[in-house]
Amino acid sequence: MTPEDLFDRQLAAIADRDLEALLSQYHDDATVVRFDRVARGLAEIKDLFTAYFSAEPRVDEIVSSRTTDDVIFYNALMTINGNRVTTYGTLVIRDGRIWRQTAAAMPLT
C-alpha cells in the first residue's frame, strides 16, 4: 500500500461518512491536531470525527498534494456545514496507518 492509496481511502471514507473505515486508518495511539482541539487515541478521534461528520463535510477538489514515504501534505477545497473552505493538512504515516495528523480550514471569501 502506498501513501496515495491511504489518502484515497481517507477521501472515500469522508465521502461515504464511514466512521469505521476512517478509524481503521489510524493507529491506536494516533493524534489529530486542529486549532480548535487535539484528539489523542481512537476514542477521542472517534468523537472528533463523529462531530465532523455531523457538519456534512464534502471534499470538492484536491488543489494539491505532496507525498513522501511517510508524509502526505494536502490542500483541498471543501464544503463543511454549508460553508466553502480551503483546508490544509498533513498525515504522518507509520506502519501503513495514520500516526499523526494536522488539519486547518479557512473560510473562502
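Residues numbered from 1 in each chain as written. Predicted model: local features only at pLDDT ≥ 70, side-chain atom pairs only at ≥ 80, totals over all residues. Heavy atoms only, no water.

**A short note on the layout of surface pockets**
As a volume, the largest pocket reaches approximately 480 Å³. Forming the boundary of the largest pocket are 24 residues, of which R34, Y52, I80, A103 and A105 lie nearest the centre. Residues that form the lining of the largest pocket fall into these classes: 19 nonpolar, three polar and two charged. (1 Å grid on protein atoms, 1.4 Å probe; cavity = no way out; pocket = protein on both sides within 12 Å on 5 of 7 lines; lining within 4 Å. Points joined across faces, edges and corners; volume = space filled by probe spheres on them. Nonpolar A, V, L, I, M, F, W, Y, C, P; charged D, E, K, R; others polar.)

**Examining the pattern of salt bridges**
Across all of its chains, the model carries three salt bridges by this definition. The closest approach of N and O atoms between D36 and R34, which form a salt bridge, is 2.8 Å. Look at D36 and you get exposed, because its relative accessible area is 57%. By relative accessible area, which is 22% here, R34 ends up partly exposed. A salt bridge links D60 to R84; the nearest nitrogen and oxygen atoms lie 2.6 Å apart. With D60 in strand β3 (residues 58–67) and R84 in strand β5 (residues 83–94), the pair connects residues that are 24 residues apart, well separated along the chain. Among the charged side chains, a network of salt bridges with common partners joins R58, D60 and R84. (Salt bridge = Lys/Arg side-chain N within 4 Å of Asp/Glu carboxyl O. Buried < 20%, exposed > 50% of the residue type's maximum accessible area, 1.4 Å probe, protein only. Helix = DSSP H or I, 4+ residues; strand = E, 2+ residues; numbered from the N terminus.)

**Quick word on the nonpolar core**
Core analysis: the biggest nonpolar cluster contains 26 residues, and L22, Y26, I45, F49 and L91 have the highest contact counts within it. Of all the secondary-structure elements, those providing two or more residues to this core are α1 (3–16), α2 (19–23), β1 (26–34), α3 (41–54), β4 (71–80) and β5. F49 has contacts with L19, L22, Y26 and Q101, leaving out every residue within four places of it along the chain. (Core = buried A, V, L, I, M, F, W, Y, C linked by side-chain atoms within 4.5 Å. Contact = heavy atoms within 4.5 Å.)

**Some remarks on the side chain of T31**
Here T31 shows up in strand β1. When its relative accessible area of 13% is taken as the criterion, T31 is described as buried. Within the local environment of T31, its side chain forms a polar contact with the side chain of R100, the two groups lying 3.5 Å apart. Contact partners of T31, with chain neighbours within four places excluded, come to V38, A39, R40, I45, W99, R100 and Q101. (Polar contact = N/O pair within 3.5 Å; in protein donor to acceptor, adjacent residues only side chain to side chain.)

**Describing a nonpolar patch on the surface**
Taken together, the side chains of F73, Y88 and M106 define a hydrophobic patch exposed on the protein surface, amounting to about 310 Å² of accessible area. By the element assignment, F73 lies in strand β4. (Patch = residues over 30% accessible without salt bridge, like charges linked within 9 Å, V, L, I, M, F, W, Y side chains within 5 Å. Areas by Shrake-Rupley, 256 points an atom, 1.4 Å probe, with all protein chains shown as cover.)

**Observations regarding the pairing of β4**
Among the ten residues of β4, eight are classified as buried, and the element is accordingly described as predominantly covered. Across eight bridges, β3 lies against β4 in antiparallel orientation. What sits directly across from R58, in β4, is T79. Where β3 hands over to β4, the hairpin turn is made up of three residues, counted between the paired strands. The antiparallel hairpin formed by β4 and β5 contains two residues in its connecting segment, where N81 sits at a positive phi of about 55°. (Pairing = 2+ DSSP bridges.)

In short, shape yes, function no, at least from these values alone.
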